[in-house]
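One letter stands for each residue in the lines below.
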Amino acid sequence: MEQIEKISSLCPECLRNISGVKYASDDGKVYIDKECEDHGVFTTLISKDVNHYHQMENFFEVDRASPKNHLGVTEKGCPLDCGLCPSHKQDTCLAVVEVTDRCDMGCTYCFASSLMDDSKDPDMATIRKMFETVKYYSNDPTCVQISGGEPTLREDLPEIIKMGRDLGLTHIELNTNGVRIAQDQEYFDRIIDAGIDALYLGFDGVSDDVYMKRTGKNLFEVKSEVINKCRTAGIGVVLVPLVANNYNLHEVGNIIKFASNNVPTVRGVHFQPVFLSGRSPADQEAKITILDLLENIEEQTNGQLKVEHFTPALMATAQCGATCMTLVEGEGEFLPLTNIEQGSLNTSTDVASKTKKSIMGRWKGSSKNEDNSEAVGSNKCCGNTPLTTVTVPQESSCCRSTTKSNGWAEFIEMSKNRYLTISTMAFQDVWSYEKGRIENCCIHVVTKDGKFVPFCNYNLSSCNGEYLYRDQITT
Amino acid sequence: MDIKKLISKISKVYSMDIKISEEVANLLKDNGLKAEEMEKVIKDAEESGKKLESKDGSKCLAKAEDDNLTCYALYSASNGGFSLDSGYAHKMKMVGPTGGEFNVEAADEADWICKKCNENAIEANVDMTYLGVTRPGNAIVCPKCGDMYLGEDMVPTIKGAEGILEEKRG
């Protein structure tokens, strides 16, 4: 056994602060062991390959910018009086504003425990205050995700988006299950007119079997319709699959293939491995690590996207997420640009600045005439390919080639409109919780009383379903 | 070559007069290149004969390659000395002919002659690699010695691609 570090964590039973150890076992796996004097020892698998764990750590060289403001006084210390407290080290890259607790989906798993009940939505004045909280705590530019519950259950969502725009938020994306958008064009038009930048679309699979399991509904057609509507409107979409064992892990390759057929409308796929919080699977069997996911992606894309093509996401720590940026050469054919084996460039850019740039740029909508989705798979060059608004120099190698029809000019062209970001984020649950990751977190949920709480803190619940934050604030 | 001729050649090279206009100096600055580097490329090329010469004899193209950068000087004869007409560089490595070998018969003839081999150069695709990505790029190639040069018209494409790859990394 090789100790990696001592950590500060929480008891899964009573949410008490306890300490623990992260270590590599003799079989090369990484675990966290922690002990509560009342509830005993808890062991959690973090990575099944210590070499990959270290490779991610070694690649991760980042600078940090502090939040614009902190809470003045705290008493209990991290994570018990969050908001952001003075021990928080990292500026925001994405602020999550929940505009309702209600949801029409009734998923078997939901970290927010959303239901179609009569709980009270925040009024416009409260939401204004939440947007102002974003401006208070985070440096410009400000990126906001409107979330819930299901935000499209609110009739006044377009007004909410417009208010965010008027308050000067830089980027506003909408987290949605897509049902209302698929069915109600007039409503979608109003959202677009209000100034939405991108959709963050729940998308667990490409077969109805998957949706039936989680929601009891056939939803694949709904999801496809949303993407069609976004293509017409020139709005970018990020597909967001929850991933779990015995659920949809076998579909990750097809999800990526589906995404590749829908670039540039689909800008990325953001996999979220299940974490045990809220209304969640009862046992640990459903959980997968980042490496499990990446290995499945490698296998299911026939080795085109390999584990090594994923580098640490610019998040709190090297273990919080992984990203592969790839060009799409044709249907299910990829040219990955990132590779962990090349080592990192020692950049002096702050985590939040760089991630915000990524959110605003890559995940933003394409202009209508830039969308060449139908051309995906044609793999033609020169006059046969619909040109984007920016033309590539005509001396390009592809045009003069006598032996092969693709080159660096085509590469540049692909980077403009056949670009896909495959990412994953390992949210923490009470089992995997590390205070060090929380203190560096850059995704912050805005509370109705004007605080900023790191996402994993906000959604953390004990193994008995008791939330650390969510219930206290939303009820 | 007898010793007198050699001395004469060396002294000619070392006393070489290389003119760089203000316009070209600004171009070098934009491309992150130094005048001394360009002068060395020209001197080395004149000394070794390793260069391309345009078919009408008016221009020469020479290069110097180290681990991270390949620099090019495009120059012409001027009043017994030389004048630098352009300078550029790329970070990509030219690996070799795309597909393993140059198809000389199918290739277009370039407007250049490899001075060292006295051979007509051709335009051909060569594999160029940078930050883990390899693609074909059009180059000027001597079919005899295999020397590969990037023409100035390809520079915007190659530099654009380098920028995209650098942005995605790290």
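From a predicted model like this one, the values you see are computed outputs, not experimental measurements.

### Observations concerning the domain arrangement of chain B
Residues and elements named next belong to chain B. Taken domain by domain, chain B comprises domain 1 (3-90) and domain 2 (93-168). Look at where the C-alpha atoms of domain 1 and domain 2 centre, and you get two points 20 Å apart. Taken together, the contacts link 14 residues of domain 1 with 15 residues of domain 2. Taken together, the elements giving at least two residues each to the side of domain 1 that touches domain 2 come down to strand 2 (52-54), strand 3 (60-65), strand 4 (70-78) and strand 5 (81-90).

### Topic: the pairing of strand 4 of chain B
Residue and element names in this part refer to chain B. Relative to strand 4, strand 3 runs antiparallel, the two sharing 6 bridges. Each residue of the ladder has a partner; that of Glu 65, found in strand 4, is Thr 70. With antiparallel pairing between neighbouring strands as the criterion, strand 3 and strand 4 make up a hairpin whose turn holds 4 residues. In this sheet, strand 5 lies alongside strand 4 in antiparallel orientation, the contact comprising 9 bridges. What sits directly across from Ala 73, in strand 5, is Gly 87.

### Overview of the domain arrangement of chain A
All names here are of chain A. For chain A, the assigned domains read domain 1 (2-47) and domain 2 (94-366 + 420-474). Each of domain 1 and domain 2 has a C-alpha centre, and these two points are 28 Å apart. Contact residues are listed per partner, giving 14 residues for domain 1 and 13 residues for domain 2. Every element with two or more residues in the side of domain 1 that touches domain 2 is listed here: strand 1 (2-10) and strand 4 (40-47).

### Quick look at helix 6 (residues 208-215) of chain A
All names here are of chain A. Along helix 6, the residues classified as buried are Val 210, Tyr 211 and Arg 214. For helix 6, the buried positions fall inside an angular range of 95° around the axis, keeping them on one side. Where helix 6 is buried, its residues contact helix 7 (220-233). One or two steps after helix 6, the chain reaches Gly 216, where phi turns positive at roughly 75°.

### Concerning the packing of helix 2 (residues 124-137) of chain A against helix 3 (residues 157-166) of chain A
Residues and elements named next belong to chain A. Packing of helix 2 against helix 3 brings their axes to within 10 Å, and their N-to-C directions diverge by 35°. Where helix 2 crosses over helix 3, the two elements pack in a sense that is right-handed. Residues Met 124, Ile 127, Arg 128 and Phe 131 of helix 2 pack against Ile 160, Met 163 and Gly 164 of helix 3. Each residue belonging to the contact of helix 2 with helix 3 can be placed in one class, and the counts come to 5 nonpolar, 1 polar and 1 charged.

### Considering helix 7 of chain A
Residues and elements named next belong to chain A. Here helix 7 is 14 residues long and its end C-alpha atoms lie 20 Å apart, about the 20 Å a rise of 1.5 Å per residue gives. In this structure, the buried side of helix 7 is in contact with helix 4 (179-183), helix 5 (185-194), strand 8 (198-202), strand 9 (236-240) and strand 11 (266-273). Positive backbone phi, at 75°, marks Gly 234, one or two positions downstream of helix 7.

Reading guide: rules and limits
- What you see as residue numbers is a count from 1 along each chain, following the sequence as written.
- Going through the entries in the order they are written, you letter the chains from A and number the ligands from 1.
- Per-residue local features of the predicted model are confined to residues with pLDDT of at least 70, and side-chain atom pairs are confined, for both listing and counting, to 80 or more; whole-chain, interface and lining totals are unaffected and use all residues.
- For the domain bounds, the source is a domain assignment made automatically or taken from a database.
- Placing C-beta atoms from the backbone, we regard two residues as in contact once those atoms come within 7 Å.
- Helix and strand assignments follow DSSP, with helices taken as H or I runs no shorter than four residues and strands as E runs no shorter than two, numbered in order from the N terminus.
- Paired strands, as defined in this entry, are two strands with at least two bridges between them according to DSSP.
- Here exposure depends only on C-beta density: within 10 Å of a residue's C-beta, 20 or more other C-beta atoms make it buried, 12 or fewer make it exposed, and intermediate numbers make it partly exposed, the C-beta atoms being placed from the backbone.
- Taken from the helix axis, the directions to the C-beta atoms give the arc we talk about.
- Interaxial angle, 0 to 180 degrees, is taken between N-to-C directions of lines fitted to C-alpha atoms, where a helix line uses only the stretch in contact.
- We call a crossing left-handed when the near helix sits turned anticlockwise from the far one by less than a right angle, and right-handed when that turn is clockwise.
- Charged residues are taken to be Asp, Glu, Lys and Arg, nonpolar residues to be Ala, Val, Leu, Ile, Met, Phe, Trp, Tyr, Cys and Pro, and polar residues to be all remaining types, Gly included.
- Each helix should span, by expectation, one fewer than its residue count multiplied by 1.5 Å.

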